[in-house]
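# Analysis of the macromolecular model
These are the residues of each chain, in order.
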Amino acid sequence: MNRKILLVEDEVQVVSFITKGLIENEYDVTVALDGEMAMTMFNNNSFDLIILDIMLPDSNGIDICKRIRKTNTHIPILFLTALGTPENIVHGLEAGADDYLVKPFKFIELLARIKNLLRRSLSFVEKPDEQHSFKIDGLILEDYSKQVSRNGIPINLTSTEYRLLYYFFQNVNRVVSRMEILESVWGVNFDMSTNVVDVYVNYLRKKIEVKGEKKLIHTIIGMGYCLKVD
């Protein structure tokens, strides 16, 4: 079955370029030319991935991403942006995007990013020998249901935050470097100047380390991070 992609882009030439290439690679493509059309398409259809331009005629792609994340935390979202500074990239990732691609770009790179995001999304399909339930000091991750809680209180995570916590659980008590996290959680060699790992570790900490609870994600200066109980 062909994977279904929602392309949100208002530049006709870019739409034609991307659509032609994706169809040739056996993807089903639905095009939305503005933010409201994108939300209508998203709410009335099922997609495997969203390609989202940031500069849209009626809204900002950042806002559209946030609206999508309110109802779906797991669908992969790839930002297209002409704003390639580290600050702009981190801002996009903070909104809930999984990856970004700076314009202008080569289609072969876009295709690689799409394949990586879809592969990573599918990688959470359980295998018989995999551990599905993790627990540390009241923090529980149930991979079958993709649910996280601490001391019985549900915690709502974005898809990226979930993958980050899952990776920490897989390496509990082990120090993991920022580069290891980037390669395993994002699967793309981001520019380290974006500090995307530090940003997302901070997000995760705020959600799992509520007031009165023990600190679980520890910064190991000069080395990386470690999930453990002191």
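Just above sits the structure.
All of the points below concern the structure found in this document. (Residues numbered from 1 in each chain as written. Predicted model: local features only at pLDDT ≥ 70, side-chain atom pairs only at ≥ 80, totals over all residues. Heavy atoms only, no water.)

With their axes 10 Å apart at the nearest point, helix α7 (residues 178–186) and helix α8 (residues 196–208) run at an angle of 75° to one another. Here α8 runs roughly perpendicular to α7, going by the angle between their axes. On α8, the residues touching Arg178, Ile181, Leu182 and Trp186 of α7 are Val196, Val197, Asp198 and Tyr200. (Axes fitted to C-alpha atoms, helices over the stretch in contact; angles between N-to-C directions. Helix = DSSP H or I, 4+ residues; strand = E, 2+ residues; numbered from the N terminus. Parallel < 35°, antiparallel > 145°, perpendicular 65-115°, else oblique. Contact = heavy atoms within 4.5 Å.)

Attention now goes to the pairing of strand β7 (residues 139–142). What you see with β7 is a clean split: Leu139 and Leu141 sit on the buried side and Ile140 and Glu142 on the side with no burial. Bridge count for strand β6 (residues 133–136) against β7 is four bridges, and the pairing is antiparallel. Residue pairing across strands places isoleucine 136 opposite leucine 139, the latter belonging to β7. In this antiparallel pair of consecutive strands, β6 and β7, the connection spans two residues, and aspartate 137 shows a positive phi of 50°. Pairing of β7 with strand β8 (residues 147–150), which is carried by four bridges, proceeds in the antiparallel orientation. Across the sheet, the residue bridging to glutamate 142 is glutamine 147, located in β8. Counted between consecutive antiparallel strands, the loop separating β7 from β8 contains four residues, among which lysine 146 sits at a positive phi close to 60°. (Buried < 20%, exposed > 50% of the residue type's maximum accessible area, 1.4 Å probe, protein only. Pairing = 2+ DSSP bridges.)

With respect to the element layout, arginine 120 can be found in helix α5 (residues 107–122). Taking relative accessible area as the criterion, arginine 120 reaches 8% and is therefore assigned buried.

If you look at soluble globular proteins, the nonpolar side chains tend to sit buried side by side. Counting 55 residues, the largest nonpolar core has Ile50, Leu52, Leu139, Leu165, Phe168 and Ile181 as the members making the most contacts within it. In terms of residue count, the dominant contributor to this core is α8 (eight residues). The residues contacting phenylalanine 168, other than those within four sequence positions of it, are Val176, Ile181, Val201, Leu204, Ile217, Tyr225 and Leu227. In this structure, Ile51, Phe107, Leu111 and Leu118 belong to the second largest nonpolar core, which totals 19 residues. (Core = buried A, V, L, I, M, F, W, Y, C linked by side-chain atoms within 4.5 Å.)

By convention here, two paired aromatic rings are described through the distance between centres and the angle between planes. Summed over all chains, the structure comprises six aromatic pairs. Look at phenylalanine 17 and phenylalanine 105: their rings are 6.1 Å apart centre to centre, the planes differ by 45°, and that puts the pair in the tilted class. On the criterion of sequence distance, the pair formed by phenylalanine 17 in helix α1 (residues 12–24) and phenylalanine 105 in the loop between β5 (99–102) and α5 is long-range, its members being 88 residues apart. With relative accessibility at 14%, the residue phenylalanine 105 sits in the buried group. (Phe/Tyr/Trp six-rings, centres within 6.5 Å; stacked < 30°, edge-to-face > 60°.)

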